[in-house]
Each structure stands twice: as structure tokens, then as C-alpha cells.
Amino acid sequence: MKFNTKVIHGNQHHDPSTGAVMPPVYQTSTFVQKSPGQPIGDYEYSRAANPTRTALEDALASIENGTRGLAFSSGLAATDSVLKLLKPGDEVIAMDDLYGGTYRMFARIYQEFGIKFHFVDMNDLAKFESLINVNTKLVWVETPTNPLMKLADIAEIAKITKKHHLLFAVDNTFATPYLQKPLDLGADIVMHSATKYLGGHSDVIAGALIVKDADLGEKLHFAQFATGGTLGPMDSYLVLRGIKTLHLRVQRHCENGAKVAAYLAQHPKVARVFYPGLENHPYHEIAKKQMIGGFGGMVSFTFTSHAKADAISFLEKLKVFTLAESLGGVESLANHPALMTHASIPEDKRKEIGITDDLVRLSVGVEDIDDLLADLEQAFK
Ligand SMILES: *Cc1c(COP(=O)(O)O)cnc(C)c1O
């Protein structure tokens, strides 16, 4: 089955009890048993499993070419369950440009539990490999990254993680499986903030993990079941519904994203544009290799004035783009990473990785491109 068919039919079945074409929202916490310990069906209690969540989890496995999907109450809950595979003394090597909340969880929660984190430039493969020791257990990569659109070569990193028997997790939120399939490239775990492109309509907070290995899937399910970060039936239904149009939406996000990036690249008030589809983007070659079919809808840029005030007044003047955190919905959003999504990263660390005060991040939606470009133009003026 091809991807565009999988998003609609992948691992989906009509409801066996009624023939309903769409999975019902099984809004129930518990399931009847005919005798103690003998449920009448496959379900006992919705923290362990719920049929609507199962329908979503099966769809997730299908679209990422995995064998097991797990749906969580948020992207961070998904990441949290991966970290629960570790124990004190273990070490993690992570990319140096991560979603702010991921960094915060690593540095402020799990570091306190005795897990050591190294944040490195994943394009320096020699440096990355030199950090691996007997305690290293997990490698965490986000590509493209938020908000600087750095890329990491998943296949090259996988060669190293396989050689050293390390778990390799990729946050695939920005690319989506429409553009990039980390499991096919050698990763062990794919993580998503399903809040973003998978849900696609800015109406639900959700997360996902997808794996190929059945044992790893069991361990992650145990961590989820034992600590409780599961996705509710209604939210599972919303994400499943979103996935059915993922291919159509991401195609348009890519078209509009490329046009916005090209517009910004020639604008006299713009200093730098961060978009993997631009030929002068430092990671354009990696993007062409591992992002198949487009470069996404996320575009960041800085101002020639390098003035924070310019970024703020630009953001205040936008009318079609909405000033809000988050990304990946059908509507265009704009964000000031230093003051909003990435405010939890200490200022010196932010400056070090390049999240300057004149950086603006756009999540380019699927509106008419003429209206988007006109909105940017009037805000620059
Ligand atoms: C939003 C986001 C997360 C966190 O997901 P939540 O659903 O907000 O918990 C993780 N990684 C990336 C790249 C994100 O954009």
C-alpha cells in the first residue's frame, strides 16, 4: 500500500459490532468481564488500551512503516516514556538544537534523576562518536530542528548507533512521515508531537511513538501503562481524523512554505532565512537525501537590523498569520522563539545556538499563498 492510501486505510477496520465505517469514540474507562480476569473482548481498562486509541495507534504504525504505535496525552508524555527506559548513571547524547520542552525535560527533570546528557552538533559525527561510552544508552535527534531548521543525517547516525548498540530516537514532528521515515533510515523509535501536523487542526494536544521492534514496543507500552500518559478516546479520534488528510495538507504546506521562504530570501529587511529547501541552506544536501517530496512548512528568519523591536512590531502587525505558539495546523502561525516557545532555554544557551532576539518562526499554513505574502509584506512595511 502506498503512503497516500495508508493515511486513510492503513491497519484500519470497520467496527465489528455495528459495521460503522469510522471507529466510534469508545468513551469508556472500563470493559465488562464474564468471569474474574476474563474480559469478553480484548479490552479491560482504558489506561492499558481503548479501541479508539488502538485504531489511531494502528494508523500511526502504518504511516511510519513500524509495527507498533503508541498514542500519548502529549508529545512530551511520549518522550517521557522513552526516558523511562533509562536508569541513573545512563547517558544520553542529544542534538544541540531541540524543542524547548524536550530540553527542559532532559536538563531539569531527568538530569536530577542521575541521567547525564550531552548536547552536541550531530553534524560533527566524529565528535558525536567520541562521546559514546559504556554508559551511553540513547541518542535523541530532532530533524529538522525547531526553530533553526538544522538537519541531522539519520542514516549516518544510525550506522553509529547500530555499531554501539544504542537506542536511536528521532523526533519527526516537523517533517512528518509524508516527507521523512526515520525507521526506514535506521532509527529505532519515532516520536511525534501529534499536536502539530498529524492532528493538523490545532484542536488537540497529543503525542506518539512508533517502533519496528516488538520487544521495544512492549517496553514502551509498559512505561506508558505504568505511568499513565495515555491519549483519551475523543482526542484519539481527532488525531486519526487529522491523519486522513496528512498527505494533502503537507503537500500544500510544502508549496506555501517554499514560496514564503523564496519571498523572504529576496526581502531587503531580511538577513537570514532558515528553510531546508533553499539551496544556500547549510543542510540542503541532507534535506534532499532524506526528506522526500518537499521541505515542509516551517520557515524562520532574522532581520537585517538585528533589532528585537523590529521582530516584535512585525509580529504585532500580522493579520492572516496568528501570533501564537505551536505549529503544523491548517492556519498560519507566527512565533517569537526567544520570548515564546524557547523562553525556557537560558539566555546564554539560546545565544550560543543562534536563537537570537530578532528571530521569527513561521508555521506556514494552507491558506491562499497570495494572502500570506500580502500579509507579510504589509507587516514589513
Ligand atoms: C510541540 C513539540 C514537542 C512537544 O509536544 P507537545 O505535544 O506540545 O507535548 C516536541 N517536539 C517538537 C519538535 C515540537 O514541535
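Since the structure is predicted, the reported quantities are computational estimates derived from the model, not experimental observations.

Let us look at empty space enclosed by the protein. Tallying each qualifying case throughout the model produces 2 cavities of 30 Å³ or more. For the largest cavity, the full set of lining residues is M95, D96, D97, L98, Y103, F119, I345, K349 and I353. Counting contributing residues per domain, the lining of the largest cavity is built from domain 1 (3–243) and domain 2 (247–380), each supplying no fewer than three. In this model, the second largest cavity occupies a volume close to 40 Å³. Around the second largest cavity, the lining residues are P144, M149, F174, A175, P276, M291, F295, G296, G297 and M298.

Let us look at the domain arrangement of the protein chain. What the domain assignment reports for the protein chain is domain 1 (3–243) and domain 2 (247–380). One C-alpha centre belongs to domain 1, the other to domain 2; they are set 26 Å apart. Domain 1 puts 42 residues into the contact, and the matching count from domain 2 is 44 residues. Buried surface at the junction of domain 1 and domain 2, summed over both partners, amounts to about 3,400 Å²; 61% is from carbon and sulfur atoms. Looking only at domain 1, the three residues that lose the most surface to domain 2 are L148, L179 and Y197, adding up to 22% of its buried area. The interface formed by domain 1 and domain 2 holds 1 salt bridge in total. Between K289 and D153 there is a salt bridge, with the nearest N and O atoms lying 2.5 Å from each other. Summed over the shared surface of domain 1 and domain 2, the number is 13 residue pairs in polar contact (both at pLDDT 80 or more).

Here the focus is the packing of aromatic side chains. By the definition in use, this model includes 14 aromatic pairs. For the pair Y263 and F380, a centre-to-centre distance of 6.4 Å together with 45 degrees between the ring planes defines the contact as tilted. Note that Y263 is positioned in helix 10 (residues 246–265) and F380 in helix 14 (residues 369–380), a separation of 117 residues in sequence. Given the relative accessible area of 12%, Y263 is considered buried. Joined through ring pairs, the aromatic side chains of Y103, F106, F117, F119 and W140 make up one cluster.

Among the secondary structure elements, L240 is positioned in helix 9 (residues 233–243). For L240, a relative accessible area of 3% gives the class buried. Measuring from C-alpha to C-alpha, the distance between L240 and A59 comes to 7.4 Å, with 181 residues separating the pair along the chain. Those residues in contact with L240 that lie beyond four places of it in its chain are Q12, P23, A55, L56 and A59.

What counts as what
- Residues numbered from 1 in each chain as written.
- Predicted model: local features only at pLDDT ≥ 70, side-chain atom pairs only at ≥ 80, totals over all residues.
- Heavy atoms only, no water.
- 1 Å grid on protein atoms, 1.4 Å probe; cavity = no way out; pocket = protein on both sides within 12 Å on 5 of 7 lines; lining within 4 Å.
- Points joined across faces, edges and corners; volume = space filled by probe spheres on them.
- Domains from an automatic or database assignment.
- Contact = heavy atoms within 4.5 Å.
- Buried area = accessible area lost by both parts, 1.4 Å probe.
- Salt bridge = Lys/Arg side-chain N within 4 Å of Asp/Glu carboxyl O.
- Polar contact = N/O pair within 3.5 Å; in protein donor to acceptor, adjacent residues only side chain to side chain.
- Phe/Tyr/Trp six-rings, centres within 6.5 Å; stacked < 30°, edge-to-face > 60°.
- Helix = DSSP H or I, 4+ residues; strand = E, 2+ residues; numbered from the N terminus.
- Buried < 20%, exposed > 50% of the residue type's maximum accessible area, 1.4 Å probe, protein only.

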